[in-house]
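# Coordinate inspection notes
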Amino acid sequence: MAPPVTLTEIYDRMVHEGVLKPDPAQRAALPSLERIREALEAPAPKRGLLGGLFAKPPAPITGLYLWGGVGRGKSMLMDLFMEQTQIRAKRRVHFHAFMQDVQNRLHEVRKTGVDDAIRPVAEAVSEDLRLLCFDEMQITDIADAMIVGRLFQGLFEHGVTIVTTSNRPPDDLYKDGLNRPLFLPFIALLKERMEVMELESATDYRQHRLAGAQVYFTPAGAEARGAIERLWDELTGGGGAGPLTLTVKGREVTLPDARSGVARASFWDLCGRPLGPADYLAVAGAVRVLILEEIPLLSAANYNEAKRFVTLIDTLYEAKVRLICSAADVPERLYIEGEGTFEFARTASRLREMQGADWGAE
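Residues numbered from 1 in each chain as written. Predicted model: local features only at pLDDT ≥ 70, side-chain atom pairs only at ≥ 80, totals over all residues. Heavy atoms only, no water.

Take the sheet that holds strand E10 (residues 262–266) next. Strand order in the open sheet formed by five strands is E6-E12-E11-E10-E9, with mixed pairing between adjacent strands. Two strands in the sheet have a free side with no partner beyond their single neighbour: strand E6 (216–217) and strand E9 (257–259). Judged from the two bridges that link them, E6 and strand E12 (residues 322–327) form a sheet pairing that is parallel. Looking at the pairing, Phe 217 lines up with Ser 326 of E12. Sheet strands in contact with helix H12 (residues 303–318) are strand E11 (289–295) and E12, and its direction is about 155° off that of E11. (Pairing = 2+ DSSP bridges. Helix = DSSP H or I, 4+ residues; strand = E, 2+ residues; numbered from the N terminus. Contact = heavy atoms within 4.5 Å. Axes fitted to C-alpha atoms, helices over the stretch in contact; angles between N-to-C directions.)

Once that is clear, we can look at the packing of helix H5 (residues 95–110) against helix H7 (residues 142–157). One way to put it is that H5 packs onto H7 with a least axis distance of 11 Å and a crossing angle of 85°. Relative to H7, the element H5 lies roughly perpendicular. The segment H5 lies against H7, with Phe 95, Phe 98, Met 99, Val 102, Gln 103 and Leu 106 engaging Ala 143, Asp 144, Ile 147, Val 148, Leu 151 and Phe 152. Split by residue class, the contact of H5 with H7 holds 10 nonpolar, one polar and one charged. (Parallel < 35°, antiparallel > 145°, perpendicular 65-115°, else oblique. Nonpolar A, V, L, I, M, F, W, Y, C, P; charged D, E, K, R; others polar.)

The buried fraction of strand E3 (residues 131–135) is high, at five of five residues. The alternating pattern of E3 places Leu 131, Cys 133 and Asp 135 and Leu 132 and Phe 134 on opposite faces, both of which are buried. Bridging between strand E2 (residues 90–94) and E3 involves five bridges; their strand directions are parallel. Following the sheet pairing, Arg 92 is matched in E3 by Cys 133. In the sheet, E3 pairs with strand E4 (residues 161–166) via four bridges, with the strands oriented parallel. The residue bridging Phe 134 from the neighbouring strand is Thr 164, located in E4. Considered for its hand, the β-α-β crossover made up of E3, H7 and E4 is right-handed. (Buried < 20%, exposed > 50% of the residue type's maximum accessible area, 1.4 Å probe, protein only. Right-handed = clockwise from strand over helix to strand, strands pointing away.)

Two measures define how a pair of helices packs: the angle their axes make with one another and the distance between the axes. Between helix H6 (residues 118–126) and H7, whose axes approach to 9 Å, the crossing angle comes to 50°. Comparing the axis directions of H6 and H7 gives the class oblique. Considering how the two elements wind past one another, H6 and H7 form a crossing that is right-handed. Mapping the contact onto sequence places Ile 118, Ala 122, Val 125 and Ser 126 in H6 and Ile 147, Arg 150, Leu 151, Gly 154 and Leu 155 in H7. (Left-handed = near helix turned anticlockwise from the far one by under 90°.)

Summed over all chains, the structure comprises 19 salt bridges. Between Glu 318 and Arg 92 there is a salt bridge; the shortest N-O distance is 3.5 Å. Remark: Arg 92 occurs in strand E2 and Glu 318 occurs in helix H12; sequence separation between them is 226 residues. Overall, the relative accessible area of 29% leaves Glu 318 in the partly exposed class. Between Glu 229 and Arg 264 there is a salt bridge, with its nearest N and O atoms 2.9 Å apart. Here Arg 264 lies in strand E10 and Glu 229 lies in helix H9 (residues 222–236), a separation of 35 residues in the sequence. When its relative accessible area of 33% is taken as the criterion, Glu 229 is described as partly exposed. Overlapping salt bridges, with partners in common, bring together Glu 34, Arg 37 and Glu 41 in one network. (Salt bridge = Lys/Arg side-chain N within 4 Å of Asp/Glu carboxyl O.)

Written as structure tokens, this is what we have:
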């Protein structure tokens, strides 16, 4: 029997072997990814003696913007596509981490006194890169919103093909954001250079994963503290070794207790202080297991803390850091009123997935 050659054939084989559950919406997205894969893998056209002078540059490859509700399998499809696309010049990155890297690059380039820092950054990102895959595109920060249009334009001009997943359609990106009219050309650019497809699956695969060993305790009272204390002793071999202090851009981020790749902190230690993505990336890079205690109910009254919590969970999730926590309520009822409830649906789903006994094992 000949080996599978298309993404659809590979998907069907995985379903047949029981690795995946059949999902018509997921399967319907594969031809678009296959189109991009074939175009990227196609050999460059041969040129004659005068080809270098008169040949037209290759036509740009239309990317894909795949959006849909949480837990529908978007990231799984992107992983399959990335793994099976046989080119070296490719990169997969969480959109949040990518924009953090871009902002850092812009900061360094501006020190040189150039008038336009975005252009050299776009050139640097595009160097030796043909495919850029983003997971979870969302834009909530005005600094990102004001540069992303020209940044993407630069990437497209340098021949980079972009494939991204998102929980929102392009028209809902940066919704109600400050100076949003300045952001609208970016939405038009996405629609022009990328195929927009909704993954309409009704199944949230994260919700149906086996909970396995208990790692999420509610309510956050004495019983939860006792259970977490027992886990802490077991994981560390009898307790922590004291605070772990990380230096991030000249400032210190302290985890109150840590030992052997396991750290312990309260919600207020990490979300009650003015920390940002770079701080949480440093935490995720320093520990394999994080115990986070006393997560409160979230609302407009503690919106800043809630926003930091969302960023923290996103970072831990992407880095596959094991999370053990105590909270005031189950994930779906932590944040039920006020601005930000829509975005928190993804966070609640990730908190559910991260409870699986085998989560992060890969």
